[in-house]
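# Close look at the chain arrangement
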Amino acid sequence: MTEIIGSYGGYRRTLSFGFACLIYHATEVFCERNYSYKNDALGKTVGQMIGAARSARQNIVEGSSRAGTSKETELRLYDVAKGSLEELAGDYEAFIIGRGEVPWAENDPCALRLMSIALDRYQGPLSRHDYGEYILAMRKRFGEFLEAEDPIVAANSVLIAIDQACRLLHRQMESVADTFREEGGFTERMSKARLETRDAQVAAQGAPKCPKCGKPMRKVIARKGRNAGNPFWACTGYPDCKGTRNYTA
């Protein structure tokens with residue numbers, strides 16, 4: 001039987017969420033070290049940066065949690081997460097340029113060193129405790145760059161992490177879209193499950209078998225043609241099978 005509620009909540013297994021967590025914590029550290037009342041009197045920059053980092057993390061969580069009932073909502077929330085990361089990248093880029101520097105080129109030695117560090121895909125138990133241990137281990141692994149005391153190194157490193165997270169989110173969105181094209185969404189699963197239950201009920205009541213494929217048939221009413229309004233037996237395998245039988249009361 002078709003499952004009405006699809007799979008959901010596997011965000012801790014994704015690399016995009018791992019990067020989003022690292023970016024969030026690195027942004028907290030960065031803002032604490034580099035902004036104060038003097039250069040951010042109203043706290044707007046800090047609020048925007050930490051808010052954008054948090055939005056990315058939390059929208060991945062919510063998108064994954066809604067995956068079982070709405071692919072459209074899942075896609076939209078992943079897109080919001082990606083947009084929040086791109087917004088955050090603008091703040092880091094402005095910080096670097098504001099200090100007379102330019103963001104690292106792709107072949108910069110520091111960028112290449114950072115890109116050589118791998119983020120492990122989490123495979124442990126889906127518990128907050130175990131995932132917390134994993135994130136702390138990954139923060140330590142990337143700490144030389146993402147939480148560097150040199151603000152230019154830290155800002156450039158977070159920019160690279162953001163780019164990676166955005167690429168991963170884009171792939172996730174493509175995968176969700178492909179799944180929707182092939183399997184449909186919540187509404188389609190509900191309809192399919194209802195038809196399966198109805199077909200099983202019909203078969204249990206002694207409905208004839210399809211003369212073409214042998215599947216049980218269901219009683220339907222012709223909607224058009226010279227037999228419009230009259231009942232007939234149609235194969236439950238329709239549209240793959242178009243077998244029919246005359247209906248007799």
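First, a word on scope: everything that follows refers to the structure included in this document. (Residues numbered from 1 in each chain as written. Predicted model: local features only at pLDDT ≥ 70, side-chain atom pairs only at ≥ 80, totals over all residues. Heavy atoms only, no water.)

### Side note on the overall build of the protein
Inclusion rule: The numbering of helices and of strands both runs from the N terminus, where a helix is a DSSP run of H or I of at least 4 residues and a strand a run of E of at least 2. Each residue is placed in one exposure class: buried if its accessible area under a 1.4 Å probe, protein chains only, is under 20% of its type's maximum, exposed if it is over 50%, and partly exposed if it falls in between. Contacts are residue-level and defined by heavy atoms, with any inter-residue pair within 4.5 Å sufficient. Only the protein chains shown count as covering a residue, and every accessible area follows the Shrake-Rupley method with a 1.4 Å probe.
For the protein, the count of helices and strands is seven helices and three strands. Walking the protein from its N terminus toward its C terminus, one meets helices and strands in the order α-α-α-α-α-α-α-β-β-β. Counting the 249 residues in the protein, one finds 41% classified as buried. Considering only residue pairs separated by 6 or more positions, the protein has 64% of its internal contacts joining residues 24 or more positions apart. When the accessible surface of the protein is split by element, carbon and sulfur atoms take 50% of a total near 14,800 Å².

### Comments concerning helix 5 (residues 128-146)
Inclusion rule: A helix is expected to span 1.5 Å multiplied by its residue count minus one. Fitting one axis to the seven residues ending at a residue and another to the seven starting there, the bend at that residue is the angle between the two axes.
Helix length check: helix 5 (19 residues) gives 23 Å between terminal C-alpha atoms against 27 Å at 1.5 Å per residue, more than 12% under. Of all the bends in helix 5, the greatest measures close to 40° and is centred on K140. Taken as a whole, helix 5 has its buried residues at Y131, Y134, I135, M138, F142, G143, F145 and L146.

### As for the sheet that holds strand 3 (residues 244-246)
For clarity, the threshold we go by: Following DSSP output, two strands are said to pair if at least two bridges run between them. Axis lines are fitted through C-alpha atoms, for helices just across the contact stretch, and the angle between N-to-C directions can take any value from 0 to 180 degrees.
Across the sheet, three strands lie side by side as 1-2-3; this open sheet has antiparallel pairing. Lying at the two open borders of the sheet, with one neighbouring strand each, are strand 1 (217-221) and strand 3. Strand-to-strand twist of the sheet, defined as the mean angle between neighbouring strand axes without regard to direction, takes the value 35°. As defined by bridge partners, strand 1 adjoins strand 2 (residues 231-235) across five bridges and the pair is classed as antiparallel. Among the inter-strand pairings, V220 is bridged to a residue of strand 2, identified as F232.

### A look at the side chain of N156
Residue position: N156 is located in helix 6 (residues 151-183). For N156, the contacting residues outside a window of four places in its chain are I96, V102, P103 and W104.

### Considering the packing of aromatic side chains
Remark: the centre distance and the inter-plane angle together describe each pair of aromatic rings, the angle taken between the planes. Stated precisely, the cut-off is as follows: Planes of paired rings set the category: under 30 degrees apart is stacked, over 60 is edge-to-face and the rest tilted, where pairs are Phe, Tyr or Trp rings (Trp by its six-membered ring) whose centres lie within 6.5 Å. Charges are assigned to positions over rings by a cutoff of 6 Å between ring centre and Lys NZ or Arg CZ, combined with an angular limit of 35 degrees from the ring normal.
Counted under the stated rule, the structure contains eleven aromatic pairs. Each ring, one from F30 and one from Y35, has its centre 6.3 Å from the other, and the planes form 65°; the classification is edge-to-face. Both rings, one in Y122 and one in Y134, keep their centres 5.1 Å apart while their planes meet at 55°; by these two values the pair is tilted. Here Y122, found in the loop between helix 4 (109-115) and helix 5, pairs with Y134, found in helix 5; they are twelve residues apart in sequence, far enough to count as distant. Chaining the aromatic ring pairs together yields one cluster made of Y11, F17, Y122, Y131 and Y134. The ring of Y131 carries R12 above its face, with NZ or CZ at 5.2 Å from the centroid.

### A look at the pattern of salt bridges
We apply this condition: By definition here, a salt bridge exists when the distance from a side-chain nitrogen of Lys or Arg to a carboxyl oxygen of Asp or Glu is within 4 Å.
Across all of its chains, the model carries five salt bridges by this definition. A salt bridge links E144 to R113; its shortest N-O distance comes to 2.4 Å. A residue pair is termed long-range when its members are at least 10 positions apart, and E144 in helix 5 and R113 in helix 4 qualify at 31 residues. Note that R139 and E147 form a salt bridge whose closest N and O atoms lie 2.8 Å from each other.

### Some remarks on helix 3 (residues 71-98)
An ideal rise of 1.5 Å per residue puts 40 Å on 28 residues; helix 3 measures up with 41 Å between its terminal C-alpha atoms. Residue G100 follows helix 3 closely and has a positive phi angle near 75°.

### Thoughts on the environment of D163
Checked against the element boundaries, D163 lands in helix 6. Along the backbone, D163 and F19 are 144 residues apart, and their C-alpha atoms lie at a distance of 9.9 Å.

### A word on the nonpolar core
Here is the rule: Only buried residues count toward a nonpolar core, which is a set of Ala, Val, Leu, Ile, Met, Phe, Trp, Tyr and Cys residues joined through side-chain atoms within 4.5 Å.
Ranked by internal contacts, the top residues of the largest apolar core, which has 55 residues, are Y92 and I162. Elements that contribute at least two residues to this core include exactly helix 1 (15-34), helix 2 (44-65), helix 3, helix 4, helix 5 and helix 6. The leading source of residues in this core is helix 6, at 15 residues. Membership of the second largest hydrophobic core comes to six residues, among which are A207, C210, M217 and C241.

Fair warning: the whole summary comes from geometry, so function is off the table for now.
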